[in-house]
Amino acid sequence: MSSGAAAVAPHELGGAGDIRRWTSVAVTGLLVVALLLSGLQWMYHQQSSLSALTQVSAQEIAAPDPGLVENERWAPLTLPDKLCSSDCTSRFKIYRATITAPADSRQMAVYLPMFDGSAMVILNGYTVGRSGSMQDPIADMTYQPTLFALPRDHYRSGTNTLDIIVSAQVPGGGRLIPFHVGPADELESAHALVSFLTVDILAVINGIFVVLGFCALLLYASGDRDRLYLWFVLLLAFSAARNLNILWPEWPETLATRNWIYLTATLGVLLSMSGLVSRFAMRSETRMDIGLVLLIVPASILIWYGLHADLWANWMRTNAAIRVVGIILVPYALIRFLLHARSLAVPVHSVIFALLAVGLVPVSYTHLTLPTKIV
């Protein structure tokens, strides 16, 4: 009787241990998600508390120069603007808003959270600021939030005209989201916050990628020949290359070449991620993992020739195909990783789950609330 009871006890304890394990992991994940969503909500509240301009007039410029062209083609538009989907030939687009002169002596400014390509701001015919090159090769300033002072000596009494010219990365692609005009001291904090989240943190992450990749190569070269290090370096290299368009927005390459690097690196991240997870969780790569990472070579060649043949159309096709690959590979790798993590200690498992939430929640939230980036 006593031996039977003793035989049952471990099973019961094991079941209770599994319950505690998954409870700890679930609570950790929920707390991290709650903190992240609270931070994101606070960030967007900071933006929404500013007075945004959404009603503008707009026109496209077919000329090769972004100079202002007065004509009768102005049309009312509610921001955010959408990308052109057919008959897309123009490279520049003008957005016009009317603002009033400040009633006091405070310094005024215009804050552009996001635009497609490069932008130039003009107040009553005077250029007050430019973000990036407006001519080929056009700078990719899309995720470089900008703040321009509006000099008081350029204001007129009463109504003033504010023009924003956007130089698009692709024909017909000029795009602007709601922007803000107000006292400079009120806009500076919002501008600094978004710059920190979109540029500064990314620069730190890229630096960490370089250091980690160098350390992994040293470990491999020192005698520890685990191919896990090589998969890790490959993933970091693709990830760092993918961030070049944001961290180096005016690098002197053609638009087709820059997009080729971006798309190849994005595909490389997805394909090498599968091999890294297999090596980490199963200590051995599958034939599918090796085949996928080798696929990057012919895929990169096809992307190169496709973009140089028809940049706009083939960029859209390639980007859609890569999204499909991501929809398949990311859940596949995530499930395998979590299954492996079940064998680890509860604190380690909880930390892994929390880190995954840290990475996945902001990405998902951003893709649901912001327009898709075209580089």
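The rules behind the values
Residues numbered from 1 in each chain as written. Predicted model: local features only at pLDDT ≥ 70, side-chain atom pairs only at ≥ 80, totals over all residues. Heavy atoms only, no water. Helix = DSSP H or I, 4+ residues; strand = E, 2+ residues; numbered from the N terminus. Contact = heavy atoms within 4.5 Å. Areas by Shrake-Rupley, 256 points an atom, 1.4 Å probe, with all protein chains shown as cover. Patch = residues over 30% accessible without salt bridge, like charges linked within 9 Å, V, L, I, M, F, W, Y side chains within 5 Å. Salt bridge = Lys/Arg side-chain N within 4 Å of Asp/Glu carboxyl O. Buried < 20%, exposed > 50% of the residue type's maximum accessible area, 1.4 Å probe, protein only. Pairing = 2+ DSSP bridges. Axes fitted to C-alpha atoms, helices over the stretch in contact; angles between N-to-C directions. Arc of directions from axis to C-beta. pLDDT = per-residue confidence, 0-100. Core = buried A, V, L, I, M, F, W, Y, C linked by side-chain atoms within 4.5 Å.

Thoughts on the overall build of the chain
Here comes step 1: Secondary structure summary: the chain contains 9 helices and 10 strands in total.
Here comes step 2: Long-range pairs, those at least 24 residues apart, make up 79% of the contacts in the chain between residues at least 6 apart in sequence.
Here comes step 3: For the chain, the accessible surface area stands at approximately 19500 Å², while carbon and sulfur atoms represent 67% of it.

Digging into a nonpolar patch on the surface
Here comes step 1: Judged by side-chain polarity, Val204, Ile208 and Leu212 come together as a nonpolar surface patch covering roughly 250 Å² of accessible area.
Here comes step 2: On the secondary structure map, isoleucine 208 appears in helix H2 (residues 184-221).
Here comes step 3: The class for isoleucine 208 is partly exposed, based on a relative accessible area of 44%.

Considering the sheet that holds strand S10 (residues 179-183)
Here comes step 1: One open sheet accounts for 4 strands, arranged S1-S10-S5-S8; its pairing is antiparallel. What marks the edges here is a single partner per strand, and that holds for strand S1 (52-53) and strand S8 (146-150).
Here comes step 2: In terms of strand pairing, S1 meets S10 through 2 bridges, oriented antiparallel. Along S10, the bridge assignment pairs leucine 53 with phenylalanine 179.

Some words on the sheet that holds strand S2 (residues 55-61)
Here comes step 1: On the basis of which strands lie adjacent, the open sheet formed by 6 strands has the order S3-S2-S4-S9-S6-S7 and antiparallel pairing. Of all the strands in the sheet, just strand S3 (75-78) and strand S7 (126-131) have a single pairing partner and so form its edges. Ignoring strand direction, the axes of neighbouring strands in this sheet form an average angle of 30°.
Here comes step 2: Of the pairings in the sheet, the one linking strand S6 (residues 118-123) to S7 comprises 5 bridges and is antiparallel in character. Looking at S7, one finds that methionine 120 is bridged to arginine 130.

Considerations on helix H6 (residues 287-294)
Here comes step 1: When we look at burial in H6, the residues that qualify are Asp289, Leu292 and Val293. Looking straight down H6, one finds that the buried residues subtend no more than 95° of arc, so they occupy a single side. Set apart from the buried face of H6 by more than 90 degrees, the exposed residues are Arg287 and Leu294.

Things to note about the confidence of the model for the chain
Here comes step 1: With 70% of its residues at a pLDDT of 70 or more, the chain has an overall mean of 76.
Here comes step 2: Across the chain, element-level confidence peaks in helix H7 (residues 296-309) with a mean pLDDT of 92 and bottoms out in helix H9 (residues 346-369) with 52.
Here comes step 3: Low pLDDT, under 50, characterises residues 361-375; the stretch is placed with 41 contacts to residues that sit more than four places away or in other chains.

Quick look at the nonpolar core
Here comes step 1: Core analysis: the largest hydrophobic core is formed by 28 residues, its most contacted members being Leu263, Leu267, Leu271, Met273, Leu307 and Leu329.
Here comes step 2: Of all the secondary structure elements, the ones that give two or more residues to this core are helix H3 (228-242), helix H5 (255-282), H6, H7 and helix H8 (311-341).
Here comes step 3: Examining the composition of this core, we find that 12 residues originate from one element, H5, more than from any other.
Here comes step 4: Every residue in contact with leucine 263, bar those within four places of it in the chain, is listed here: Ile303, Leu307, Trp315, Thr318, Asn319 and Ile322.
Here comes step 5: Within the second largest apolar cluster, 25 residues are counted, among which are Val110, Leu162, Leu176 and Phe179.

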